[in-house]
Amino acid sequence: METFDPAELPELLKLYYRRLFPYAQYYRWLNYGGVVKNYFQHREFSFTLKDDIYIRYQSFNNQSDLEKEMQKMNPYKIDIGAVYSHRPNQHNTVKLGAFQAQEKELVFDIDMTDYDDVRRCCSSADICSKCWTLMTMAIHIIDRALKEDFGFKHRLWVYSGRRGVHCWVCDESVRKLSSAVRSGIVEYLSLVKGGQDVKKKVHLSEKIHPFVRKSINIIERDFERYALVDQDILGNKESWDKILALVPETMHDKLQQNFQKDHNSLQRWEHLKKAISKYQSNNKNDKCGPWLEWEIMLQYCFPRLDVNVSKGINHLLKSPFSVHPKTGRISVPIDLQKVDQFDPFTVPTISSICHELDAITTNEDEKENGAESDIKRRTRDYKKTSLAPFVKVFEQFLENLDKSRKGELLKKSDLQKDF
């Protein structure tokens, strides 16, 4: 993957917004079939321009209006907000208190920096293939729950462009949910609690909820490779002391002795498991129960959601197909059939796809009929670059939304016939 030079960003963005951004699919998504009048027109967009100039409450009449504005403003970052009671670009003309956020997709934001206390390979904005497994596990765990426990059908997962993932749940009924219900859903999906000062962040109750069991099943698939080999979570005294802080003190001395003799994390983990089961058989009344081992696994591997992003209806979230100004990577949709194969380091950067585009501008393009429509040309343009498979994933998602919408309309018309 070629290197990205932030100094080139303004010129690259011009080309990207003119010839590569998938406007038709993007509008098709946020217009939701045009079923609700003014749904797209009442949607807030916010643009971050060069030098961190931030403009909120942008809104557009249609696809062409959005295109013109994006090509004029050349945003470094695009965020999507709620659908409001009035057009966001006219919010200043509305009577105080009348301008209200009414609907939005239920969104989730998972950021690698929230795992800094449990990853040893990287910290802050850095990621590597060793810690990316955390994001893979997070997608599997959260997506399974959204689909099976809540019955949500339309879930779009997107790479943030740097160090995390976002999820947009787009079912019609979900977009209408109140802030209180959203809070309840995030609460259900949260097991790791407490800030930096809290050592033990996971406390399981005596009755283990099926959600916890199913999450543990997912973590177990990768735990040995990820935690014991790649992260080496019991690799030295400093690391294992963190884990000993999560188990009863009476176990510490014996484990310290064993850990000194062991050669690696795998051996130490086996010793820890034995010590836990011995402790449990000797302390039947202890409230810590037989799941100490699970609590450690969850603390080290379970998804850490940014609760506020999901709770607030008017909260903005970075748009799919936005460009990350620091890495140059495009925020691309993730194929749920291939989550384990997704590699953030092979995601196209704005420089790579713009250079691919330049390379294609060959003879045949010069001979071309000048009257060819812009849209037709752009469709062909992105298809010739490494952005194409990601637009295809997005189109598949839109296809399912359309099918679902048509199914609902048929159901409604059948019901009306029955009366």
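In this text, all values refer to a predicted model and were calculated from it rather than measured experimentally.

**Topic: unusual backbone geometry**
Then, in step 1: We note that Asn 38 has phi near 65 degrees; this positive angle belongs to a residue other than glycine.
Then, in step 2: In this structure, Asn 38 sits in the loop between α2 (23–31) and β1 (43–49).
Then, in step 3: Overall, the relative accessible area of 26% leaves Asn 38 in the partly exposed class.
Then, in step 4: Positive phi is not limited to glycine here, since Tyr 57 has a value of about 55 degrees.
Then, in step 5: Looking at where Tyr 57 falls in the secondary structure, it is placed in strand β2 (residues 53–58).

**Points about the packing of helix α7 (residues 210–230) against helix α10 (residues 265–282)**
Then, in step 1: Relative to each other, α7 and α10 sit at 115 degrees, their axes nearing to 9 Å. When α7 is examined against α10, the residues Phe 223, Glu 224, Leu 228 and Val 229 are found in contact with a partner set consisting of Ser 265, Leu 266 and Trp 269.
Then, in step 2: Tallied by class, residues from the contact of α7 with α10 come to five nonpolar, one polar and one charged.

**Brief notes about empty space enclosed by the protein**
Then, in step 1: Following the criterion strictly, the structure yields one cavity of 30 Å³ or more and no others.
Then, in step 2: Approximately 30 Å³ is the volume found for the largest cavity.
Then, in step 3: Along the walls of the largest cavity sit Trp 132, Met 135, Thr 136, Ile 139, Ile 334, Val 339 and Phe 342, which together make up its complete lining.

**Here's the deal with α2**
Then, in step 1: In terms of residue burial, α2 counts as a mostly covered element, since seven of its nine residues are buried.
Then, in step 2: Buried within α2 are the following residues: Tyr 23, Gln 25, Tyr 26, Tyr 27, Trp 29, Leu 30 and Asn 31.
Then, in step 3: Among the residues trailing α2, Tyr 32 stands out with phi positive, at a value near 45 degrees.

**Considering the pattern of salt bridges**
Then, in step 1: For the structure shown, the criterion picks out 25 salt bridges.
Then, in step 2: A salt bridge links Arg 56 to Glu 44; the shortest N-O distance between them is 2.8 Å. Taken together, the residues Arg 56 in strand β2 and Glu 44 in strand β1 connect sequence positions twelve residues apart.
Then, in step 3: Using a relative accessible area of 29% as the deciding quantity, one classes Arg 56 as partly exposed.
Then, in step 4: Of the charged contacts, one joins Asp 149 and Arg 144 as a salt bridge, the two residues approaching to 2.9 Å between their closest N and O atoms.
Then, in step 5: The partly exposed category is assigned to Asp 149, whose relative accessible area is 29%.
Then, in step 6: The exposure class assigned to Arg 144 is buried, which follows from its relative accessible area of 12%.

**Remarks on the environment of Lys 403**
Then, in step 1: With respect to the element layout, Lys 403 can be found in helix α16 (residues 388–418).
Then, in step 2: Accessibility expressed as a relative area gives 56% for Lys 403, which makes it exposed.
Then, in step 3: Each C-alpha atom, one on Lys 403 and one on Lys 201, is 42 Å from the other, the two residues being 202 residues apart in sequence.

**Observations regarding the packing of aromatic side chains**
Then, in step 1: Tallied over the entire structure, the rule returns 28 aromatic pairs.
Then, in step 2: Arranged with centres 6.5 Å apart and planes meeting at 40 degrees, the rings of Tyr 26 and Phe 45 form a pair that is tilted. Separated by 19 residues along the polypeptide, Tyr 26 in helix α2 and Phe 45 in strand β1 bring together distant segments of the chain. Phe 45 shares its class with Tyr 26; the two are buried.
Then, in step 3: Their ring planes at 5 degrees and their centres at 4.3 Å tell us that Tyr 84 and Phe 99 sit as a pair that is stacked. Here the residue Tyr 84 occupies a position in strand β3 (residues 77–84), and Phe 99 occupies one in the loop between β3 and β4 (101–103), the gap between them amounting to 15 residues.
Then, in step 4: Geometry around Tyr 32 places Arg 175 over its ring, the cationic atom sitting 3.6 Å from the centre.

**A few points about the pairing of β1**
Then, in step 1: Counted residue by residue, β1 has seven buried out of seven residues, so it is predominantly covered.
Then, in step 2: Every second residue of β1 is oriented toward a common face, with Arg 43, Phe 45, Phe 47 and Leu 49 on one face and Glu 44, Ser 46 and Thr 48 on the other, all of them buried.
Then, in step 3: Where β1 lies against β2, four bridges are found, and the strand directions are antiparallel. Opposite Thr 48, over in β2, you have Tyr 54 as the bridge partner.

**Focus on the nonpolar core**
Then, in step 1: By size, the foremost hydrophobic cluster in this structure holds 123 residues, and its most contacted members are Tyr 16, Trp 29, Phe 45, Phe 108 and Ile 350.
Then, in step 2: The element contributing the most residues to this core is helix α4 (residues 129–149), with eleven residues.
Then, in step 3: In this structure, Ile 350 is in contact with Phe 4, Leu 9, Leu 12, Leu 13, Tyr 16, Val 323, Gly 328 and Ile 330, ignoring residues within four places of it in sequence.
Then, in step 4: By size, the runner-up hydrophobic cluster in this structure holds five residues, among which are Ala 82, Val 94, Phe 99 and Ile 313.

**What about the pairing of strand β5 (residues 106–111)?**
Then, in step 1: The buried fraction of β5 is high, at six of six residues.
Then, in step 2: Burial of the side chains of β5 extends over both faces: Leu 106, Phe 108 and Ile 110 are buried on one face and Val 107, Asp 109 and Asp 111 on the other.
Then, in step 3: Here six bridges tie β5 to strand β7 (residues 164–169), and the two strands are oriented antiparallel to one another. Opposite Ile 110, over in β7, you have Val 165 as the bridge partner.

Definitions and limits used
Residues numbered from 1 in each chain as written. Predicted model: local features only at pLDDT ≥ 70, side-chain atom pairs only at ≥ 80, totals over all residues. Heavy atoms only, no water. Helix = DSSP H or I, 4+ residues; strand = E, 2+ residues; numbered from the N terminus. Buried < 20%, exposed > 50% of the residue type's maximum accessible area, 1.4 Å probe, protein only. Axes fitted to C-alpha atoms, helices over the stretch in contact; angles between N-to-C directions. Contact = heavy atoms within 4.5 Å. Nonpolar A, V, L, I, M, F, W, Y, C, P; charged D, E, K, R; others polar. 1 Å grid on protein atoms, 1.4 Å probe; cavity = no way out; pocket = protein on both sides within 12 Å on 5 of 7 lines; lining within 4 Å. Points joined across faces, edges and corners; volume = space filled by probe spheres on them. Salt bridge = Lys/Arg side-chain N within 4 Å of Asp/Glu carboxyl O. Phe/Tyr/Trp six-rings, centres within 6.5 Å; stacked < 30°, edge-to-face > 60°. Lys NZ or Arg CZ within 6 Å of the ring centre and 35° of its normal. Pairing = 2+ DSSP bridges. Core = buried A, V, L, I, M, F, W, Y, C linked by side-chain atoms within 4.5 Å.

So yeah, pure geometry; function would need other evidence.
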